[in-house]
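# Secondary and tertiary structure notes
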Amino acid sequence: MNKLRRAFTYIFTLVFFPLFVFSQSPTIPHLTQKGTATQLIVDNKPFIILGGELGNSTATTVQNMLTVWPKLKAMNLNTVLVPVYWELIEAQEGKFNFSLYWELIIEARKNDIKLIFLWFGSWKNSMSSHAPAWVKLNQGNYPRVKDNTGRSQEILSSLSENVFQADKRAFEHLMQFIKDVDGKDHTVIMVQVENEIGMLPSARDYQALAEEAFKKPVPAELINYLQKNKEKLVPEFWKIWQANGYKTTGDWEAIFGKSLATDEIFMAYFYSKFSNQLAEAGKKIYPLPMFVNAALNREGREPGNYPSAGPLPHLMDVWKAAGSSVDFLAPDFYNPDFKHWCDLYTRQGDVLFVPEHAFDNTVAAKALYTFAHYEGLGFSPFSIESTQKPTEEPLGKMYGLLRELTSLITAHQGQGKIKGVLLSKRDPESIVRMGNYEFTCKHDYTLSWTPGARTDDWSLGSVIIIQTGDDEFFVAGTGVVITFKHRDNKDLNVGLLKVEEGNFENNVWNVKRHLNGDQTHQGRHVNIPTNQIQTQRVALYLYK
Ligand code: DGJ
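Residues numbered from 1 in each chain as written. Predicted model: local features only at pLDDT ≥ 70, side-chain atom pairs only at ≥ 80, totals over all residues. Heavy atoms only, no water.

## Description of the domain arrangement of the protein
Spelled out, the test is: Note that domain bounds follow an automatic or database assignment of domains. Note on contacts: a residue pair is in contact if any heavy atoms of the two residues lie within 4.5 Å. What gets called buried area is simply the loss in accessible area from a 1.4 Å probe that two parts show on being joined, summed for both.
Under the domain assignment, the protein is made up of domain 1 (46-138 + 157-204 + 268-412) and domain 2 (418-543). Summarising the inter-unit geometry, the C-alpha centres of domain 1 and domain 2 are found 34 Å apart. Every contact between the two is made by 22 residues of domain 1 and, on the other side, 25 residues of domain 2. Interface area for domain 1 against domain 2, summed over the two sides, is near 1900 Å², with a carbon-plus-sulfur share of 70%. Summed over the three residues of domain 1 that lose the most area to domain 2, namely Ala372, Glu404 and Leu408, the buried surface amounts to 26% of that side.

## Focus on the pairing of strand S6 (residues 114-124)
What counts, and what does not: Per-residue accessibility, obtained with a 1.4 Å probe over protein chains only, is compared with the maximum for each type, and a residue is labelled buried under 20%, exposed over 50%, and partly exposed between these values. Strands here are runs of E lasting at least two residues and helices are runs of H or I lasting at least four, both read from the DSSP assignment and numbered beginning at the N terminus. In short, DSSP must find at least two bridges between two strands for them to pair.
Most of S6 sits out of view: 11 of its 11 residues are buried. Where S6 lies against strand S9 (residues 188-195), 6 bridges are found, and the strand directions are parallel. Residue pairing in the sheet places Ile116 in a bridge with Met190 of S9.

## With respect to the layout of surface pockets
We count it as follows: We place a 1 Å grid over just the protein atoms. Points where a 1.4 Å probe fits but has no way out form a cavity, open points with protein on both sides within 12 Å along at least 5 of 7 lines form a pocket, and any residue with an atom within 4 Å of a point lines it. Grid points are joined across faces, edges and corners, and a volume is the space filled by probe spheres set on the points. When residues are sorted by character, Ala, Val, Leu, Ile, Met, Phe, Trp, Tyr, Cys and Pro go into the nonpolar class, Asp, Glu, Lys and Arg into the charged class, and all the rest, Gly among them, into the polar class.
The volume enclosed by the largest pocket comes to roughly 510 Å³. If you go around the largest pocket, you meet 16 residues; those closest to its centre are Lys45, Pro46, Phe47, Asn78 and Thr406. Mapped onto the lining of the largest pocket, the elements with two or more residues apiece are strand S3 (45-47) and helix H16 (394-412). The leading source of residues in the lining of the largest pocket is H16, at 5 residues. In the lining of the largest pocket, the residues fall into 5 nonpolar, 5 polar and 6 charged.

## Details of the sheet that holds strand S1 (residues 30-34)
We apply this condition: Where helices are involved, their axes are fitted lines through C-alpha atoms of the stretch in contact, as for all axes, and angles between N-to-C directions lie from 0 to 180°.
Strand order across the open sheet formed by 3 strands is S1-S2-S3, with antiparallel pairing between neighbours. At either margin of the open sheet sits one strand with a lone partner, and together these are S1 and S3. Across the sheet, the axes of successive neighbouring strands diverge by a mean angle of 55 degrees, strand direction being ignored. Bridge count between S1 and strand S2 (residues 37-42): 5 bridges; the pairing is antiparallel. Note on S2: the bridge partner recorded for Gln33 is Thr38.

Now the structure itself:
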């Protein structure tokens, strides 16, 4: 019997213990699906990116970063987006130097901040300004885009195999470097492939390789995608195909018609092909999540009058058809219509990540809305280090609140238990429904007695509502007043059973104030004033 027990113990230790240890060792950062939400998993835990992107030249020396890290800490960032410049890592062809990035990784670890590297390779804001001198000076080997008058642009051609191979080699070295120095620590959690790819001011490339490809049949993978997804294509793109009779054979103009839109579709396909093949090569070495970002177009403008052919909403099918190694497409915001563009990026069920947003006075509310309404991966204002008063930034306070709420948010993602609204003077009311309840959320300044009610200066209000029980909700954010109804039965009244203001300390709810009297308008509403960022636990009840 003893022998049997010993043998059993031995086999158990040999087989199951390593399995147990293995299952505990942190995996490479990766994306996973939880219900309807996509989560980023870092060291085996869901991670939400409370980010900021550095100005373009800020991380060009370690010394210049010395004053930046404390600012990032003061604003509660957990992630910073940092460019990796092809011109600096491969100044001489085939000789790679990653010392700057090794030091940045060490500093990031000291500050307990994760990194997202932005690969400024062949393209940065349409242009190829970050290509090394040996690429720029060898136009014979590394052809550039030409416009329809034959004039060369400072844009490397996406159709050139030489450009691709040179970029790929550098990108592979980058991924190998990350794997070597960070394969265990996971300081680097994602990689952006290129930056704001786009054609400007010519919608199409007219150099020889492009001309040749333009006259060839549209690649089968795009045709197959069109046929397979006919009912699901984004309407802007579907209309172009439909208007030309849903053709499935022929060259680009045969299938999509002769127009600037067709020129843009053609370019988008080859930009996507290039980006996806680059991502694929990089992932073979070290499979971090990878994405591309877009400079948003102004509606009503023709291709060529904005950075065209990038991963824009009207081209998302083209970008998806050309490969699946790029995990998602991401919008950069320098225009105000946040909801509109986020809706377009998520309409096919894709995850939202905002790698850039102008660092203005709307970012705190929009960061919260990204997690609350879209269950997004993260948010990141651009030129984050530009603040002179990091401790006073509302964004820092919002990120502080989101840090406390992270476990609650990630535990409830993907199940219809998280909702959010964004409120402004123009858009002061929004209704959300969860469980048995309907929440009417209004901007705090809709309360006639608030000091801001009669002003024009309504800073954005924003709230996240997380359902933790049939009648229990956590409500967090700024500048909102909420009233409640039963969702279906209009004869039932909803009352406030208990409202607490508090915070989470190590995931344990800690009550700071019991809210009643004026703070709930004697039980009529839940309110977070405009000048505050806070969390409340709300218990509701029904009466006849
Ligand atoms: C968008 C780009 O992606 C950034 O690198 C930067 O150039 C900003 N525009 C504006 O400064």
